[in-house]
Amino acid sequence: QVQLVESGGGLVQAGGSLRLSCVASGSIFSIIAMGWYRQTPGKQRELVAAITNGGSTDYADSVKGRFTISRDNAKSTVYLQMNSLKPEDTAVYYCNAEKVVTGTSRFKYWGQGTQVTVSS
């Protein structure tokens, strides 16, 4: 079992910045990757950024150059630094953790989400 708690969302004007935090707890030793997804009403949840336990990162094309995912292993925390925010970034942002269940099975845990609203 993994628990994920997000924080840092809020209301910001276009061009502003926010930093989201996600603290992982529980059985975290088997986590192989963590990431941030976002979702707006009527749309599928989409990957924003991800980071593996080896430090490899991946970003959605829409956020490359503006968002940065990082981690602090000592605090079991993953961050998403969001700069140059745009109104289209408005969404509920969810932290996720991918965990090894068996050698051929993976499971994603989700936080409850934090709202990011960017005004124009």
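Provided above is the structure to which this section pertains.
An account of the accompanying structure is given in this report.

Conventions used here
Residues numbered from 1 in each chain as written. Predicted model: local features only at pLDDT ≥ 70, side-chain atom pairs only at ≥ 80, totals over all residues. Heavy atoms only, no water. Disulfide = S-S within 2.5 Å. Helix = DSSP H or I, 4+ residues; strand = E, 2+ residues; numbered from the N terminus. Buried < 20%, exposed > 50% of the residue type's maximum accessible area, 1.4 Å probe, protein only. Contact = heavy atoms within 4.5 Å. Pairing = 2+ DSSP bridges.

### Examining the state of the cysteines
One pass over the full model with this rule turns up one disulfide. Disulfide pairing places Cys 22 opposite Cys 95 at an S-S distance of 2.0 Å. Measuring handedness by torsion sign, the sulfur bridge of Cys 22 and Cys 95 sits at about -80 degrees and is left-handed. A residue pair is termed long-range when its members are at least 10 positions apart, and Cys 22 in strand 3 (residues 18–26) and Cys 95 in strand 9 (residues 91–102) qualify at 73 residues. Take Cys 22 and Cys 95: they sit in the same class, and that class is buried.

### Quick word on the environment of Gly 26
Relative to the elements of secondary structure, Gly 26 occurs in strand 3. In the structure, Gly 26 is positioned 24 residues away from Val 2 in sequence and 4.8 Å away in space, judged by C-alpha atoms. In contact with Gly 26, not counting residues within four places along its chain, are Gln 1 and Gln 3.

### Some points on the pairing of strand 3
Here six bridges tie strand 1 (residues 2–7) to strand 3, and the two strands are oriented antiparallel to one another. Counterpart to Leu 4 in the pairing with strand 3 is Ala 24. For strand 3 and strand 8 (residues 77–82), the ladder comprises six bridges, and the chain directions are antiparallel. When the bridges of strand 8 are listed, Arg 19 appears paired with Gln 81.

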